[in-house]
Amino acid sequence: MTETTSRRHRTPRLPGSRALPPWSLVAAGVLAGGLLGGAYGALKPPVYTATSYLVAVPAEHSDTSSALGFAQAFGRVATQDAVLVEARAAAGVPLDTLRDSVRTATSPDAPMVAVSATSARPARAAAMANAVAGSLSRHAETTKADTHVGLLRFAPAVTPDAPTSASAGVTGLVGASAGGLLGALALLVRPGRRPEEETALPAPLPGPAFAADAHRPL
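Scope of this entry: the structure provided in the associated data block.

Analysis parameters
- Residues numbered from 1 in each chain as written.
- Predicted model: local features only at pLDDT ≥ 70, side-chain atom pairs only at ≥ 80, totals over all residues.
- Heavy atoms only, no water.
- Pairing = 2+ DSSP bridges.
- Helix = DSSP H or I, 4+ residues; strand = E, 2+ residues; numbered from the N terminus.
- Axes fitted to C-alpha atoms, helices over the stretch in contact; angles between N-to-C directions.
- Contact = heavy atoms within 4.5 Å.
- Phe/Tyr/Trp six-rings, centres within 6.5 Å; stacked < 30°, edge-to-face > 60°.
- Buried < 20%, exposed > 50% of the residue type's maximum accessible area, 1.4 Å probe, protein only.
- Polar contact = N/O pair within 3.5 Å; in protein donor to acceptor, adjacent residues only side chain to side chain.
- Expected span 1.5 Å × (residues − 1).
- Arc of directions from axis to C-beta.

## Quick notes on the sheet that holds strand β4 (residues 112-119)
(1) Moving on: With antiparallel pairing, the four strands of this open sheet are ordered in space as β3-β4-β2-β5. Edge positions in the sheet fall to β3 (102-106) and β5 (149-155), since each has one partner strand and no second. Going across the sheet, the axis of each strand differs from the next one's by a mean of 30 degrees, ignoring polarity.
(2) Moving on: Two strands pair when backbone bridges link them, and β3 and β4 are joined in this way by five bridges, in the antiparallel orientation. If you follow T106 over to β4, its bridge partner there is V113.
(3) Moving on: Set on the sheet, helix α2 (residues 66-77) makes contact with β2 (48-58), β3, β4 and β5; between it and β5 the angle comes to about 75 degrees.
(4) Moving on: Lying over the sheet, helix α5 (residues 122-142) contacts β2, β3, β4 and β5, oriented at roughly 145 degrees with respect to β4.

Rendered as structure tokens:
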């Protein structure tokens, strides 16, 4: 009786090659994100922020509670052209620069207005904040007869000595976190790994069995 054996042929692989572990995607994302974030923080110019504060003061014999409401209104008016046009001469910058650089903030509990300006030059940031705050104070004075509320300088902006933009270390950490998150997401959504394919030849059918003595006596 003849015997046959089936042989299996494995998928050829390069000598010494090994499949990368799943966590390599996360590690690669952390490394790439950290490098990109650090480079962004190192190459981006620093930004400085200066803030000037004003306080809303009610006129004599007027309701003190109205100062809080008018402080909110003055905060919205501060970035309008009616105020910025007058401030651009004192700030020494174009009107578009003031529009892009100046922001205001108010408090729901105190009748105060914060005028902040950002710039790559510390002195210019302080000059823009003080110029807009001064213009806003004068604008409030012209309407004081109707609003019975004025704006007084509470604290002028000073030249900042440290940038407010994120450092290269911070942007590197943020980039590494984002890269690790993307790597983890890619690990979750990638197709499932296939087991090592083994190609097996179909087993041949057994050959005919030959009897030692095919003739039987009748």
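That shown, we press on.
## Digging into the packing of aromatic side chains
(1) Moving on: For the structure on display, the rule yields one aromatic pair.
(2) Moving on: Consider the rings of F70 and F74, whose centres lie 6.3 Å apart with planes at 35 degrees: the pair is tilted. Of the two residues, F70 and F74 both sit in helix α2, four residues apart, roughly one turn of that helix.
(3) Moving on: Taking the relative accessible area as the measure of exposure, F70 reaches 27% and is therefore partly exposed.

## Thoughts on the side chain of S119
(1) Moving on: Structurally, S119 is set in strand β4.
(2) Moving on: Judged by its relative accessible area of 12%, S119 is buried.
(3) Moving on: Within the structure, the side chain of S119 is placed 3.1 Å from the backbone nitrogen of R121, a separation counted as a polar contact.
(4) Moving on: Sequence-distant contacts of S119, defined by excluding residues within four places in its chain, comprise P46, V47, Y48, R124, A125 and M128.

## What to know about α2
(1) Moving on: Between the first and last C-alpha of α2 there are 17 Å, a value that for 12 residues agrees with the 16 Å anticipated at 1.5 Å per step.
(2) Moving on: What α2 keeps buried is the set A67, A71, F74 and G75. Axial view of α2: buried residues confined to an arc of 100 degrees, hence all on one face.
(3) Moving on: Considering only its buried residues, α2 is in contact with β2, β3, β4, α5 and β5.

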